[in-house]
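Here's the letter readout for the chains.
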Number of protein chains: 2
Amino acid sequence: MKQIKLVVLLILLSVFNKTYADDGSKLWLNYKPLENAELKESYAQLFEDVYLAGEDETIQAISEELKTGLSCMLENNVTISSKWNMQSLVIGTPSGSEQIAALKIDKQLEKLGNDGYIIASKKIDKKNVIVVASKSNIGALYGTFHLLRLIKTESNFENINIEESPKHQHRVLNHWDNLNRTVERGFAGSSIWDWHKLPGYIYPQYIEYARANASIGINGTVLTNVNANALVLTDTYIEKAAALANVFRPYGIKIYLTARFSAPIEIGGLKTADPLDEDVKQFWKETADRIYKQIPDFGGFLVKADSEGQPGPHNYKRTQAEGANMLAEALKPHGGLVMWRAFVYNHEVPVDRALQAYNEFVPLDGKFHDNVIVQVKNGAIDFQPREPYHPLFGAMPNTPLMMEFQITQEYLGHAIHLTYLAPLYKETLETDTYIKGEGSTVAKILDGSIHNYPVTAIAGVANIGTDRNWTGHLFGQANWYAFGRLAWNHNLSAENIAAEWAKMTFSNKTAVVNPVVEMMMASREMGVSYRTPIGLHHIMAESHHYGPGPWVTGRRPDWTAVYYHQASETGIGFDRTTKGSNAVSQYPEKIKEQYNSTETCPEKFLLWFHHLPWDYKMNSGRTLWDEMVYKYYTGADSVVWMQEKWNSVEKHIDFERFNHVKQLLEMQKNDAIEWRNSCVLYFQQFSKMPIPSEFEKPEKPLEYYQNKKRLFVPGI
Amino acid sequence: MKQIKLVVLLILLSVFNKTYADDGSKLWLNYKPLENAELKESYAQLFEDVYLAGEDETIQAISEELKTGLSCMLENNVTISSKWNMQSLVIGTPSGSEQIAALKIDKQLEKLGNDGYIIASKKIDKKNVIVVASKSNIGALYGTFHLLRLIKTESNFENINIEESPKHQHRVLNHWDNLNRTVERGFAGSSIWDWHKLPGYIYPQYIEYARANASIGINGTVLTNVNANALVLTDTYIEKAAALANVFRPYGIKIYLTARFSAPIEIGGLKTADPLDEDVKQFWKETADRIYKQIPDFGGFLVKADSEGQPGPHNYKRTQAEGANMLAEALKPHGGLVMWRAFVYNHEVPVDRALQAYNEFVPLDGKFHDNVIVQVKNGAIDFQPREPYHPLFGAMPNTPLMMEFQITQEYLGHAIHLTYLAPLYKETLETDTYIKGEGSTVAKILDGSIHNYPVTAIAGVANIGTDRNWTGHLFGQANWYAFGRLAWNHNLSAENIAAEWAKMTFSNKTAVVNPVVEMMMASREMGVSYRTPIGLHHIMAESHHYGPGPWVTGRRPDWTAVYYHQASETGIGFDRTTKGSNAVSQYPEKIKEQYNSTETCPEKFLLWFHHLPWDYKMNSGRTLWDEMVYKYYTGADSVVWMQEKWNSVEKHIDFERFNHVKQLLEMQKNDAIEWRNSCVLYFQQFSKMPIPSEFEKPEKPLEYYQNKKRLFVPGI
C-alpha cells in the first residue's frame, strides 16, 4: 500500500520535477493534508467516526465527500456508519435519525428551510458530538461541505454553533453554451456539455461540476445559451438533458433550459409564435409536458426575448408580460419557473439604451404570473467593468426581480486577466436605493425582504469550459466560488470570500493568503482604471470585446464606443442628467439628485451621467484630463505590483499553478499598457492636452493601436 | 514526506472512491510501480545511479524523464550525475563523454544515424554498465524512452544488446487544426493549440505532447489544417508557431505549416498565385525567409492543392510539379521540405475518382525538386475502413513518396468506437507490389529501399484534442502510439504493439493484456464488417461521416454513396476491371491480374473492383447477398463479444478508465446495429432476397434509419 502512495505522488511530479504539479482541475476541493500538524491531530480524533443517517443518493454523495475530504486532510481512516454507535460526528435529518430527532431541533431546522442546516456541538446519549443537521438531505450535504471547509481553513470547532440558510431560493448558473459546444463569451475551452455523446456517455467532469456547485450552494443550472436554439426542446435533446439532470439530482441541482420564443414555428410547425394564439399556447403546454415526463424536477425556462435579434412578444405587438405568462402557464402545472430577462433594447428606439428596459418593464409591474421572475443585469448597459446599479431594482415592488451577474469576464480581460469580481458584485448588492428608507439595498430587494417577493433568485453567467482548470484562468475559479458564496449569503465580504478561496485553493499560510487576497481585492479596481475610469463605459473593441476600442463607430450607434463616451473638443461623458437623456430620473429621488449633480455624483460614475469639459476640476485638484490620464497610468502600473505580489508566493506553492498565473500576469501587463496607450492617445485628440510629464509617453502612435487586429478571439 | 504521499493518493481517489481515478491524461507515460516486486527490486539496483553526459535542453529532458520514470516505477531515489562515477546506467554520446567514446562504438552509431541508438551491456573501467548511446542527444532521448519502456513492460536486461534506427527520416503528425481551434475530423474536443494565448502562454500540455511524441519517435508536426488559412504565414502567427517550436525543439520535434496556395493573393497583395510568376516566387521566398528568421529549424510546408475546393497550380494551367517546385525553391536555402499531397481529384473530370491522382502524378515522376516529397494516402479514395493500397506506390520510382495514414477515425466511429488501426496500417504496408520482384512491399517503397529515395517520410492525421485523455476514446491513444511505433519501424507487428501499449497503459497482468489485445486485434475487422464488408466503400452518412448512409445521393456523384456501391437489381459493386473503369490497370501487372478476376481477387476487395449479381457464389458457399448479411450481423454481434472481454478486466484496473470504455462500447454496439440494419434493409431493396432466418430481422423499417438525423456532430 505504501508503495502505491509513493508512486502516485511521483506521477504527479510530472513535468519538470517541481513541487508536484497541480493542473487546477480539482478546484477548491483539492483536499490536501492540513499544514498545521497539531490541528490535524485533534481534528483526526474529532472526525474519525461518523454517524451518517439515511441512504438515498444524496447521503451516498455525503459519504463520498467525507471519505475523500476527511481522509485527505486528516490522513486518518474515517469510518462511516448509518447506525448510531456513539460516533463523534453526526450528520442527517430528524426524519432520518431518531438521535437527531431527539435533539428537538425540528423547529430550528424548519425555520432554516430545506437548504438550511446547523453545525453545532451537542450531546447524544451523553456523548459530545458535532451535529450537522438539516430538514433535508440536501441541507445535510450543504452542511457537510461547510464542515469540510471549516476543516480545510483550520477553524475552531469548540462549542461550535452555526446556523445557515440561503438568502435566495434559486442560486443559478447561466451557461451561454451552444449545442455545437461553442460558448458565447466563453474563454475556457468549449462547452463541458458533450451533447453528441449524451445520453450514452457521462463524463466524470459532470459529477465534479455538480460537487463543485453543491459545495458553494448553487442549486440550479441553465444548460443552454440565452441566444437559444429551439432544437434543445425536441425529445432527442430533452433525453440528453435528462441524463445530466440525473447526475445533478443527488447534489440538489435542478436543470433549466433556454426557450426560444419562436420555437412553435421552428419545431412546432406553426405559422406564428404569438403568445395569445391558442395553438402556440398548446405547443408550449405539450413541450412542458414532454420535458417533465423525462425530467420530473425540471427547473423551468430562461428566456431572452426582443433583444439583439432574438424573437419575442414584440413581433406580435404583445407585452413582455404576455410573453412570459404564456410560458408560465405551460410550466405552472409542473411547478416550473420562468426566468424572463429584462435585457430588452432596440437601436430603432431613439432613446438612450440605458433607459429602455426600465421604460418597458415598470408599466408591467404586477402583471406577471406568480411563477415568473424577471432577470435583471446588475447595470442598465451590459456587464461593464463598472456600472451604476440597474434602476429597475426597487421599481417593481409587485414583480419578483432576480439579479444577473456575469462571472465570465466578457469585458474584463476574458480568461487572461486576473480580475476578482466579488467587489463588483458587492458594489451593486450594497448600493442603497433608499426605496423604503435607509438600508434598502439592492441585496435586500433581491432577497425579498423589501418587497416580500414570493420567489427569490440570483444568476451568474458561467465562466466554465473544458480547460483542465475549468475556468481558463486559475483565479477565474474564485469568481465562480464568490458568486456561489454570495448567492448563498450576500452579507459575506468580498475579502473574507477571497481569503476563504485562497485557503481552500492554495494554503492557509499567511505568506500565501495575504498577497493573494491583496491582489484579488485590488484587481477589479485596477481593471476599471486601465479600461474605463471615472464612469466611462463601452469603449472596448468590437465583437470580441477583449481589447480597447474607444474609436469604434458603426451602423448601430448603441453598439459603438463614440455613442457612449461622447468625446469632443468641448469635453467627454454621456449626459444622462435631467438636462440630458434623463436616465437619472429612473432612480429614486434621493439617488437621482445625487447622480444628477456633479457636486454629489460619485466620481466613479461621473462620466456615466455627465458630459464635462476637459479642464473640469476633480476632487484630487487635477483636471478631468489629468485625472483620466492618471487613472490609466496608475491602473496599468498596478499590474506590475500584482506581479511582484505573485512572485512572492512562488516558494510556497506548486510550480504548475505558479507558472500558469505568472504567464497570464505578463500578458495582462501588456494588455493594460495597450488599453492605457490606446485610450489616452485617442482621447488626447479631443482634449488637446499633454500627458503629464511624470508619465512616460506611449511608444507607439494611435494608428498602431487602431490597426492592431485580434483574430479568432474565443467566445464570439 | 510520507504524509503528502498518502494525500496525493487520496486526492486521486476522487469521484466515487473506486480504485484511484485515472483520467488517461498521462497517456502511456503514466508510470506506476512495477507489479512484479522481484523485478522491481533488481531493476532498482540496476538503475539507481545514472551517468548522463552532456548538458543541453535535450539532456535536461532526459534527466527529467529518468527522474520521473525510474522513481515512479522502481520507487528508488535515482541519482543522476553528469560526471562519470562508476554508475550502473550510462547515457550519452561519444562526443559528450570520453567514457562512451572509449567504447569505440562510433562507427556503429554513425551507421545508426542521428536518431538511432544502442542499448547494450558494456564494461567501463571494468564496471558492468548498461549503456544508452547515440550519435546525438536526441538519439539518446529516444534510447532513454526505449529503456523506460523496457522497464515498464518488465523486460530482461541481461546481456542486452539493442540496435535501433528509424525506417523513415521524417515521422510526422498532421493536425487538421484550424486557427479558431476547431479541428476538421477532430473528435477529442478542440485544438490543443491555443493560438489566441500564444506566444505569451505555454500550456503544460504542449510539453506533455512533445514528451509523448518523442517517446514513440515522432519528430515532426504539421500544426495546421491542410484546408489552410493563409494567415498562419503572417508574422503574428509565425511568432506564435515559433513559441511552440521552442517547446518542441528539446524533444527533437520540428514544426511544419500548411501553405495555402493562394496566399500570395490573400496576404501578399498580389493579383495571382501563378507558380511561374516572378512576384509569386518572390512572395514565397520572402515568406520562407520570414519564417526561418523566427524558426531556424522550421520543417517546411505541407500543401493540399487542387482538391475539394483548395486552390492550386490548376488554376493557372500549371502542373503539380510546377506548383511544388516553386515552394521548394523558396525553402531550399533553409533546408526546408515540401510535402505535396497527391490527394487531387475533381468531380468535373469524368473518370473514376480512384484513377485521378495516379493519372495526374505518374507523368510527373522525376519532375519534382529534391526537397519535395509527394504525400499519398494509403488508398485511392479516402481513408475508408478498408481500401486496396494506392497504385501510386511503386509507380513513381524517381519521386520520393510518403504515406499519409489517418489516425483520427473519420470513417471508423470517431472517438466513440474502439478501433485499433495498426492492422489497417500493416495491411497496406505489407502489401507486395512485386514492382521489383517478390517482397517489394509498400513499406519498402516508403523506407526508400526499393527506389533508393533520398528522402523518406510517413505522416498520420492526428486524433489529438483538448479532451483530458487527449484522444476522446482511451483506445484512440493506442492508434497514436501505434502510428509512432510503425513510423519508427514498420516491421513491428500490430499485435506486439498492442501488447506493448496495453502494458504501458494498463498493466503487465495477462488478465488485462490478453483480453485487451484480443479486442484491439479484432476491432478493425469488425468495424469493416458492420460498415463496408466485401470491398464496399464510401457508404457513410453525409458530411459528418459517422453513421450509415448507403442511400446518400447528391449533386456531386463522387461524394455520394450510390456512385460507389452501384447497387441495382442486377447486383452490387464498382466495376473497376478492364471492362469497367479500368482502375485495375494502374496496378503492376501481377496485381492487376489478381484484382481483375473474380477468381483471384481477394474477397475483402471484391466489390471494390467488381460489380456482381446478388446470387454470386462466395468461397463460403453462400450467395453474395447472404455473405453480406452474414458479415453485417456477425460484425455487429462481435461488439457484444468485445463488451464481454472488457468486463473481464474490471477488477484489474481503475474504475474511471474502465467505465469510460464500458460506456463507449455500449454506444458502439448500438451504432453497429444501426449500420447493420440500415445497410441490410437498404440493399435488400435491390437484392429482393430474404435475411437468412438465423438472423433476427431489424426491428425498425428502412425509413426510420434514413430519417435519423445527427446534429452538431463534431469534426466538420
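Heads up: the structure comes first, above all this text.
Bear in mind that the values here come from a model prediction, so they are computed numbers and not experimental data. (Residues numbered from 1 in each chain as written. Chains lettered and ligands numbered in written order. Predicted model: local features only at pLDDT ≥ 70, side-chain atom pairs only at ≥ 80, totals over all residues. Heavy atoms only, no water.)

### A closer look at the state of the cysteines
Moving on, step 1. This model, assessed by the stated rule, comprises zero disulfides over all chains.
Moving on, step 2. Left without a disulfide partner, Cys72(B) is nearest to the cysteine sulfur of Cys72(A), which lies 19 Å away. (Disulfide = S-S within 2.5 Å.)

### Concerning helix 3 (residues 57-74) of chain B
In an α-helix, one full turn covers 3.6 residues, which means residues spaced three or four apart are oriented alike.
Residues and elements named next belong to chain B.
Moving on, step 1. Between its terminal C-alpha atoms helix 3 stretches 25 Å, which fits the 26 Å expected from 18 residues at 1.5 Å a residue.
Moving on, step 2. With 15 of its 18 residues buried, helix 3 lies for the most part within the structure.
Moving on, step 3. Where helix 3 begins, the side chain of Asp 56 points an oxygen toward the backbone nitrogen of Thr 58, at a separation of 3.0 Å. (Helix = DSSP H or I, 4+ residues; strand = E, 2+ residues; numbered from the N terminus. Expected span 1.5 Å × (residues − 1). Buried < 20%, exposed > 50% of the residue type's maximum accessible area, 1.4 Å probe, protein only. Polar contact = N/O pair within 3.5 Å; in protein donor to acceptor, adjacent residues only side chain to side chain.)

### A closer look at the packing of helix 21 (residues 624-647) of chain A against helix 22 (residues 655-687) of chain A
Residues and elements named next belong to chain A.
Moving on, step 1. Two elements in contact, helix 21 and helix 22, have axes whose closest approach is 9 Å; the angle formed by their N-to-C orientations is 170°. One finds that helix 21 runs roughly antiparallel with respect to helix 22.
Moving on, step 2. Residues that form the contact of helix 21 with helix 22 fall into these classes: 19 nonpolar, six polar and six charged. (Axes fitted to C-alpha atoms, helices over the stretch in contact; angles between N-to-C directions. Parallel < 35°, antiparallel > 145°, perpendicular 65-115°, else oblique. Nonpolar A, V, L, I, M, F, W, Y, C, P; charged D, E, K, R; others polar.)

### Focus on the sheet that holds strand 3 (residues 89-92) of chain B
Residue and element names in this part refer to chain B.
Moving on, step 1. In spatial order, the strands read 2-1-3-5-4-6; together these six strands make up an open sheet with mixed pairing. Strands at the two margins of the open sheet, each flanked by one partner only, are strand 2 (79-81) and strand 6 (161-164). On average, each strand axis in the sheet is inclined to that of its neighbour by 25°, with strand direction left out of account.
Moving on, step 2. Across three bridges, the pairing between strand 1 (residues 49-52) and strand 3 is parallel. Opposite Val 50, over in strand 3, you have Leu 89 as the bridge partner.
Moving on, step 3. In the packing of helix 6 (residues 137-152) onto the sheet, the strands contacted are strand 3, strand 4 (117-124), strand 5 (127-133) and strand 6, and the crossing angle to strand 4 comes to about 80°. (Pairing = 2+ DSSP bridges. Contact = heavy atoms within 4.5 Å.)

### Regarding the nonpolar core
Moving on, step 1. Judged by nonpolar contacts, the single largest core of 236 residues is most densely connected at Phe248(B), Trp284(B), Trp480(B), Trp646(B) and Phe683(B).
Moving on, step 2. Ranked by residue count, the leading element in this core is helix 22 (residues 655-687) of chain B, at eleven residues.
Moving on, step 3. When we break this core down by domain, the ones giving at least three residues each are domain 1 (30-164) and domain 2 (170-493) of chain B.
Moving on, step 4. Apart from the residues lying within four places of it in its own chain, the contact partners of Trp284(B) are Leu233(B), Ala259(B), Arg260(B), Phe261(B), Ala263(B), Pro264(B), Phe301(B), Met326(B), Leu327(B) and Ala330(B).
Moving on, step 5. Counting residues in each nonpolar core, the second largest holds 235 residues, with Val172(A), Met403(A), Val649(A) and Tyr546(B) among its members. (Core = buried A, V, L, I, M, F, W, Y, C linked by side-chain atoms within 4.5 Å. Domains from an automatic or database assignment.)

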